[in-house]
Amino acid sequence: MKTLRKNIFMKLKMAQYHLYSSTNEPATVARCQIDCLISEYEAPQPSHNHNSAIPFAIDYSYFINDISSKRQPSQLREITRVLEKLPPNCIKFGVGVPNVLTFPFKKISVELITGENIKLQGKELSDALQYLPSVGYLPLINILEEIQDRFHGPQHWNKRSIIMTSGAQEGLSKAVDMCMRCNDPVIMPDPVYTGAVDLFRPYDAEIIPIVQDSCGIVVEEIEKVLAERKRKMMPIPKMIYVNPTASNPAGTTLPTHRKREIYRLACEYNMLILEDDPYYYLHFEKENPVSFLSMDTEGRVLRFDSFSKIMSSGLRVGFVTGPITLLHRMELHMQTSSMHTSSLSQVLLYKLLSHWGEDGLISHFMHVKNFYKQKLDYMMCAINKHLHGLAEWYEPNGGMFLWLKIIGLNDAKKLVTDRCLDKLIILAPGYALSANNENPSPYIRISYSIASPEDVDRGILLLAEAIREELLENICL
């Protein structure tokens, strides 16, 4: 059975999205004619030549901690690698997997919002229900490699690779567990995504917060910190964490010139860049952001992508792109934990990408972007209407979040956790999104992804009332 993908070349009105191009032949799927039988898993060979890996010149042992360095490949998991190179008629006595003939599923069908159906049956259903190699479903990885080539420039796949993860969060977690030692310093923006900073805290990490402005993390502050630590002979951070596009919670997008300066500092001070970019496809700019991955000539970038924001958060599919040496080490972590990302989710996503082709993919991306842009417009209308003189903000250029500073309050915690809750308004307090969450914060985060236009207007009006009440109480005190 052979699946051929459509040639996908996407041009959006908001940007030129060159996605991937695998073949010039139309997409066709050969169906299994015997519905009662589910064929066994056969992993196709990758479309790129990965046999002659050429590592980057970096000594990655400097970044890998003692526990991670002791991890050895799971001998049973490594059998899946051997199977990839064997013909389908080999006799598999050494494979400890259940027989797919005992599974109660005959076919899985998913209806798209367009009314079209994605069906998994025969071999595709077998792939979706059986164990996979820890790196992931190779047909999907082949597509993702081509996506990365289109969006981030041609990658050297004899030096880099991709590993599938259960959302970008799992990939980030594996990277932190691979690199962090107790008390290690790490650079991150302030405010920061709590799911990132919480990964470092169990290591008693020295969090080095870098202030953000309307364009994101301020590079001069990074340079100042690094120069001072070098002068005082303090430990230099091995990693810098960035959420570069429509960041959570600040909504900022790093411009290209700042990214180049950050990359330069990473090279100068021998650091890895953790490029956590789940909102990359939700930006509202005319041109695609230039990624750290696209400028990575030395092998210093681990890029974390996610389908949670553009396909489904429940599918739990993300992937990491980075140097083969580091991704193999992350794979060893995965072999003894989740083993691999959901087979069903990976095969379903592969089937969807193969089925859509150019028109379907354009339609979906435009739908998602326009949806969130309209949500933002509703929010900004209500903010300008009700919060003038009560708060300060800058309009985000993508994503789902608006970062507000309440004028006249040093700490918005009581406002959010007491007064707003009494009015049934759910907000995120700024202190919880600070690199140091023990410090008071006048900020709040508002998400505009779910609320209806009517709820947005009513909710911001109630927020304005709560702010005035809080300010009045503070004056009386």
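Here, the structure is the one placed above.
I will try to describe carefully the structure that is included in this document. Note that the structure is predicted; figures quoted are calculated from it, not measured.

Criteria and cut-off values
- Residues numbered from 1 in each chain as written.
- Predicted model: local features only at pLDDT ≥ 70, side-chain atom pairs only at ≥ 80, totals over all residues.
- Heavy atoms only, no water.
- Helix = DSSP H or I, 4+ residues; strand = E, 2+ residues; numbered from the N terminus.
- Buried < 20%, exposed > 50% of the residue type's maximum accessible area, 1.4 Å probe, protein only.
- Contact = heavy atoms within 4.5 Å.
- Areas by Shrake-Rupley, 256 points an atom, 1.4 Å probe, with all protein chains shown as cover.
- Core = buried A, V, L, I, M, F, W, Y, C linked by side-chain atoms within 4.5 Å.
- Expected span 1.5 Å × (residues − 1).
- Pairing = 2+ DSSP bridges.
- Phe/Tyr/Trp six-rings, centres within 6.5 Å; stacked < 30°, edge-to-face > 60°.
- Lys NZ or Arg CZ within 6 Å of the ring centre and 35° of its normal.
- Salt bridge = Lys/Arg side-chain N within 4 Å of Asp/Glu carboxyl O.

With that settled, the discussion passes to the overall build of the chain. In terms of helices and strands, the chain carries 12 helices and 16 strands. Each of the 477 residues in the chain was classed as buried or not, and the buried ones make up 53%. If you take every contact in the chain between residues at least 6 apart in sequence, the share linking residues at least 24 apart comes to 75%. Surface exposure of the chain reaches about 21,800 Å², of which carbon and sulfur atoms provide 53%.

In terms of nonpolar packing, the biggest core is built from 105 residues, with Leu302, Leu387, Ile446 and Leu463 touching the most fellow members. Broken down by element, this core gets its largest block of residues, 16 residues, from helix α10 (residues 343-386). Contact partners of Leu463, with chain neighbours within four places excluded, come to Leu387, Leu404, Cys420, Ile425, Leu427, Ile444 and Ile446. Core analysis: the next-biggest nonpolar cluster, separate from the first, contains 22 residues, Ile187, Tyr263, Leu265 and Ala266 among them.

Turning to the environment of His333, a few remarks are in order. Turning to its location among the elements, His333 is positioned in helix α9 (residues 324-335). For His333, a relative accessible area of 5% gives the class buried. The sequence separation of His333 and Asp177 amounts to 156 residues, and the corresponding C-alpha distance is 8.6 Å. Each residue touching His333, except ones within four places of it in the same chain, is listed here: Ser68, Arg71, Lys174, Asp177 and Met178.

Of all 13 residues that make up helix α5 (residues 167-179), 10 are buried, and the element is covered over most of its length. All of the buried residues in α5 are Gly167, Ala168, Glu170, Gly171, Leu172, Lys174, Ala175, Val176, Met178 and Cys179.

In this section: helix α12 (residues 453-476). Look at α12: 35 Å from first C-alpha to last across 24 residues, which is about the 34 Å you get at 1.5 Å a residue. Within α12, the full set of buried residues consists of Val456, Gly459, Ile460, Leu462, Leu463, Ala464, Ala466, Ile467, Glu470 and Leu471.

A word on the pairing of strand β11 (residues 301-306). With six of six residues buried, β11 lies mostly within the body of the structure. Every second residue of β11 is oriented toward a common face, with Val301, Arg303 and Asp305 on one face and Leu302, Phe304 and Ser306 on the other, all of them buried. Sheet topology note: the strand β10 (residues 272-276)/β11 ladder contains four bridges and is parallel. Paired with Ile273 across the bridge in β11 is Val301. Pairing of β11 with strand β12 (residues 318-323) involves four bridges; the strand directions are antiparallel.

The next subject is the packing of aromatic side chains. The full count for this structure, using the stated rule, is 10 aromatic pairs. Centroid distance Phe307 to Phe319: 5.9 Å. Interplanar angle 35°. Geometry classified as tilted. Placement of Phe307 in the loop between β11 and β12 and of Phe319 in strand β12 is noted, with a sequence separation of 12 residues between them. Each member of the pair, Phe307 together with Phe319, is buried. When the ring of Phe371 is compared with that of Tyr372, the centres are 5.2 Å apart and the planes differ by 90°; the resulting orientation is edge-to-face. Every member of this aromatic cluster is reached through a ring pair, and the members are Phe151, Tyr280, Tyr281 and Phe365. Taking the ring centre of Tyr280 as reference, the NZ or CZ of Arg303 above it sits at 5.0 Å. The ring of Tyr431 has Lys413 lying over it, and the distance from NZ or CZ to the ring centre is 4.9 Å.

A few words on the sheet that holds strand β16 (residues 443-447). Spatially, the four strands line up as an open sheet ordered β13-β14-β16-β15, and their pairing is antiparallel. Of all the strands in the sheet, just β13 (391-392) and β15 (428-429) have a single pairing partner and so form its edges. Bridge count between β15 and β16: two bridges; the pairing is antiparallel. What sits directly across from Pro429, in β16, is Ile444.

Moving on: the pattern of salt bridges. What the rule picks out here adds up to 24 salt bridges. Lys351 is the salt-bridge partner of Glu124, the closest N and O atoms lying 2.9 Å from each other. Taken together, the residues Glu124 in helix α3 (residues 122-129) and Lys351 in helix α10 connect sequence positions 227 residues apart. Exposure class is identical for Glu124 and Lys351. Each is buried. Arg229 is the salt-bridge partner of Glu206, the closest N and O atoms lying 2.8 Å from each other. Of this pair, Glu206 sits in strand β7 (residues 206-213) while Arg229 sits in helix α7 (residues 219-231), and the two are 23 residues apart along the sequence. On the accessibility criterion, Arg229 (5% relative accessible area) is buried. Several salt bridges converge on common partners, so that one network encompasses Lys414, Arg419, Lys423, Glu465, Glu469, Glu470 and Glu473.

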